[in-house]
Amino acid sequence: MSNDVPLVPGENAFPLHIFDALGLDPVVFKDRIGGSVMVIEKRPEDGPVTILTSGVSRLETDSGERIELAVEVIDGQQGAAMVALRIVINELATNRRVPPVLAPWRNGTPFLNGTEISALLVTPSRWGASFDEIRNEAGQVVGHVRTLRLLTDGEAAVAGERGWDALVAEVGSVDALLDVERASGSSAERSDDRWHGSPNLPES
C-alpha cells in the first residue's frame, strides 16, 4: 500500500470503536501500514492477543463498505498477524476489494515462512455484535470489524465446503486455530524472517 492511496473522510465512530473495543486500553504499534493505517494490540483476560487496525475504514472500496480488521494470535506471533493485515490492506488499497465473509481466500502455497498457513478467512468474532458492528452516535451501523483467521489449505477446504462452524467443530475450538505453526511443528526459525510472507492476496 503506497502513501498516495486515496482516502475517504474519516468518521469518529471508527477510531472510537477500535480504541474502546474489549474495554481495554490499546497498545499502539510504532509502525503504520502504508503510512496511514494504525495497528494496535489488546490482551483481553478471556481471549487471545488481538491485533486491530484503525484507518482501514478510510480506504475507498468498490462496494462502499467501510471496515477495520482484527486478527487473533498467540503471544509471540504478532508478526504473523501483521503479514495477514498487510495482505488484505494491500488488496483493499490496490483493487478496492473487501474480503468476503465466510469465503476462504486460498493461496495454494504458504505465505508465512516455516508454516503451512496459506489461506485467510473472515468470520464473526468470538465477541459478537458489540465488537463486530461499528455504530455512530445515533446507533446506526456504519461499518464492521472483520476478524481474519489464518488457515492451512486443508482447513480452508473444510471451511469452504462445509462452513466455518464445521471447521471449528472438527478441530475442537476456535483456539485450536490460533497457533500458526500448528501443522508444521516448531520448524520455523525463531526470527522475524519467518513473518516476511507473500505480498499477494490468496485467490478465492
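Whatever comes next refers back to the structure up there.
Computed from a predicted structure; not experimentally measured.

Moving on to the packing of helix α4 (residues 153–162) against helix α5 (residues 164–171). Packed helices, taken two at a time, are described by the angle their axes make and the gap between the axes. As a packed pair, α4 and α5 sit with axes 7 Å apart at the nearest point and diverge in direction by 135°. By the angle between their axes, α4 is oblique relative to α5. Between α4 and α5, the residues in contact are Glu155, Val158, Ala159 and Arg162 and Trp164, Ala166, Leu167 and Glu170, respectively.

Topologically, Thr53 is positioned in strand β3 (residues 49–54). On the accessibility criterion, Thr53 (0% relative accessible area) is buried. A distance of 2.8 Å separates the side chain of Thr53 from the side chain of Glu68, its partner in a polar contact. Within the structure, Thr53 has its side chain in polar contact with the backbone nitrogen of Leu69 (distance 2.9 Å). Leaving out residues up to four positions away in the same chain, Thr53 has contacts with Ile18, Val37, Met38, Glu68, Leu69, Leu85 and Ile89.

With phi around 60°, Arg96 is a residue other than glycine that occupies positive phi space. Relative to the assigned elements, Arg96 resides in the loop between α2 (78–95) and β5 (105–106).

The rules behind the values
- Residues numbered from 1 in each chain as written.
- Predicted model: local features only at pLDDT ≥ 70, side-chain atom pairs only at ≥ 80, totals over all residues.
- Heavy atoms only, no water.
- Axes fitted to C-alpha atoms, helices over the stretch in contact; angles between N-to-C directions.
- Helix = DSSP H or I, 4+ residues; strand = E, 2+ residues; numbered from the N terminus.
- Parallel < 35°, antiparallel > 145°, perpendicular 65-115°, else oblique.
- Contact = heavy atoms within 4.5 Å.
- Buried < 20%, exposed > 50% of the residue type's maximum accessible area, 1.4 Å probe, protein only.
- Polar contact = N/O pair within 3.5 Å; in protein donor to acceptor, adjacent residues only side chain to side chain.

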